[in-house]
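Architecture and fold: a report
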Protein chains: 2
Amino acid sequence: MSSSTILPKISLPTILSTITTHYKPKMVSLLNDTVEFRVSKLKGDFIWHTHESTDELFYVISGGPLHMGIRHPVGSEGSEVGREETVVLEVGDMFVVPKGVQHQPRAENEVSVMVVETAGESTTGNQVDR
Amino acid sequence: MSSSTILPKISLPTILSTITTHYKPKMVSLLNDTVEFRVSKLKGDFIWHTHESTDELFYVISGGPLHMGIRHPVGSEGSEVGREETVVLEVGDMFVVPKGVQHQPRAENEVSVMVVETAGESTTGNQVDR
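Let me begin by describing the structure that accompanies this report. (Residues numbered from 1 in each chain as written. Chains lettered and ligands numbered in written order. Predicted model: local features only at pLDDT ≥ 70, side-chain atom pairs only at ≥ 80, totals over all residues. Heavy atoms only, no water.)

Looking at the overall build of chain A
A count of helices and strands for chain A gives one helix and eight strands. Overall, chain A shows an N-to-C arrangement of helices and strands of β-α-β-β-β-β-β-β-β. Relative to a compact globule of 130 residues, whose C-alpha radius of gyration would be 14 Å, chain A shows 15 Å and is just as compact. On the principal axes, the C-alpha backbone points of chain A span a range of 50 × 35 × 30 Å. Looking at chain A as a whole, 47% of its 130 residues are labelled buried. Long-range contacts, defined here as pairs at least 24 residues apart, represent 71% of the contacts in chain A between residues at least 6 apart. Taking the average place of the 11 positive charges on the side chains of chain A and the average place of its 17 negative ones, the gap between the two points comes to 7 Å. (Helix = DSSP H or I, 4+ residues; strand = E, 2+ residues; numbered from the N terminus. Rg over C-alpha atoms; globule rule 2.2 N^0.38 Å. Buried < 20%, exposed > 50% of the residue type's maximum accessible area, 1.4 Å probe, protein only. Contact = heavy atoms within 4.5 Å. Lys, Arg positive; Asp, Glu negative; His and termini not counted. Charge placed at Lys NZ, Arg CZ, Asp CG, Glu CD.)

Printed below as a string of structure tokens:
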């Protein structure tokens, strides 16, 4: 993409209305050719996975809440070893999963999210794509 | 920031509720130490300005609409020279102003937005900060 290419605006609700499969994101924008903005509908438990080379930002657009399981890195909290916690994300919440941190998105009720990470990164990180 | 630092979630509506000055963004997140997420309340006409080294992404959270004046780069559309247009952004709309493209946010009604660009970039780009 040339730096002077002006693309049309994108309505995220409109793109979301075309998504019928959970955990199958659609790309909506690219920033500086390197950062990808996606929208996705999540429901049910995703797999535990890690993105080794990019942070992954979540922003809850509607529905939910989104329960984000997190395994704290070994040694990151003194003597604790890989403690697990769940961050509960409601509409309007933003949360960054740092690179290298194992996580598992879970949603009892369908939740629509914006997901931002390095362009080209697989949704399942270090796990084989389903 | 270490790659294993897990920061708390951030409620964008809560941050927005603390903003009392238009066109004074607050930083909410950082992705890969290089990309900054901000929220801002806009009302009235901002100045025409350009970000020479970063695209700037806008996402409308509430209020608005946001009118984004754009000056198309000279020569980008055949014989047209710097044609001006206004992109009207409603809640849920996302729009990327490419680097190097002159633009002017305008809002008759207050609009709350998420703005994403390279970390450290001035809100006014090539213009002196107000």
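Quick look at the relation of the copies chain A and chain B
Under the fitted operation, chain A is carried onto chain B by 0.0 Å of movement along the axis and a turn of 180 degrees, and the coordinates agree to an RMSD of 0.0 Å. Such a combination of rotation and displacement between the chain copies is what one expects of a two-fold axis. With an isologous cut-off of 70% or more, the 100% of interface residues of chain A that recur at the interface of chain B puts this contact in the isologous class. (Least-squares fit on C-alpha atoms with pLDDT ≥ 70 in both.)

Some points on the packing of aromatic side chains
Applying the stated criterion across every chain yields a total of four aromatic pairs over all chains. Considering the side-chain rings of A:Tyr59 and B:Tyr59, the 6.0 Å spacing of their centres and the 75 degrees angle between planes classify their relative orientation as edge-to-face. With one member in each of two chains, A:Tyr59 in strand S4 (residues 56–63) and B:Tyr59 in strand S4 (residues 56–63) form a pair that bridges those chains. The pair formed by A:Tyr59 and B:Tyr59 is uniform in burial state, with each residue classed as buried. A centroid spacing of 4.4 Å and a plane angle of 15 degrees characterise the contact between B:Tyr23 and B:Phe46, whose relative ring orientation is stacked. A residue pair is termed long-range when its members are at least 10 positions apart, and B:Tyr23 in the loop between helix H1 (12–17) and strand S2 (26–31) and B:Phe46 in the loop between strand S3 (35–45) and S4 qualify at 23 residues. A residue is classified by how much of its surface remains accessible, and B:Tyr23, at 7% relative accessible area, is buried. Over the face of the ring belonging to A:Trp48 we find A:Arg71, whose NZ or CZ atom lies 3.8 Å from the ring centre. (Phe/Tyr/Trp six-rings, centres within 6.5 Å; stacked < 30°, edge-to-face > 60°. Lys NZ or Arg CZ within 6 Å of the ring centre and 35° of its normal.)

Overview of the environment of B:Gly64
Residue and element names in this part refer to chain B. Summarising the element assignment, Gly 64 is placed in the loop between S4 and strand S5 (66–71). Along the primary structure Gly 64 and Leu 7 are separated by 57 residues, whereas in three dimensions their C-alpha atoms are 30 Å apart. Excluding its chain neighbours within four sequence positions, the residues that come into contact with Gly 64 are Asn 109, Glu 110 and Val 111.

Quick look at the interface of chain A and chain B
Between chain A and chain B, the contact holds 43 residues from the first and 43 residues from the second. Note on chain A versus chain B: buried area summed over both sides is about 3300 Å², and carbon and sulfur give 65% of it. For chain A, the biggest contributors to the area lost against chain B are A:Ile6, A:Lys9 and A:Met94; these three give 21% of the whole. A salt bridge links A:Asp93 to B:Lys9; its shortest N-O distance comes to 3.4 Å. There are 14 residue pairs in polar contact (both at pLDDT 80 or more) connecting chain A and chain B. Going through the elements one at a time, strand S1 (10–11), helix H1 (12–17), strand S2 (26–31), strand S3 (35–45), S4, strand S6 (84–89), strand S7 (93–97) and strand S8 (102–118) of chain A are the ones with two or more residues in the side of chain A that touches chain B. Class assignment of the residues belonging to the side of chain A that touches chain B gives a composition of 26 nonpolar, 10 polar and seven charged. Sheet analysis places S1(A) next to strand S7 (residues 93–97) of chain B, joined by two bridges and oriented antiparallel. (Buried area = accessible area lost by both parts, 1.4 Å probe. Salt bridge = Lys/Arg side-chain N within 4 Å of Asp/Glu carboxyl O. Polar contact = N/O pair within 3.5 Å; in protein donor to acceptor, adjacent residues only side chain to side chain. Nonpolar A, V, L, I, M, F, W, Y, C, P; charged D, E, K, R; others polar. Pairing = 2+ DSSP bridges.)

A word on the pattern of salt bridges
Residue and element names in this part refer to chain B. Within the structure shown, the criterion is met by eight salt bridges over all chains. For Arg 38, the salt bridge identified is with Glu 36, shortest N-O distance 3.0 Å. For the pair formed by Arg 38 and Glu 36, the shared burial category is buried. By relative accessible area, Arg 38 is classed as buried at 6%.

Taken by themselves, the reported measurements are silent on function.
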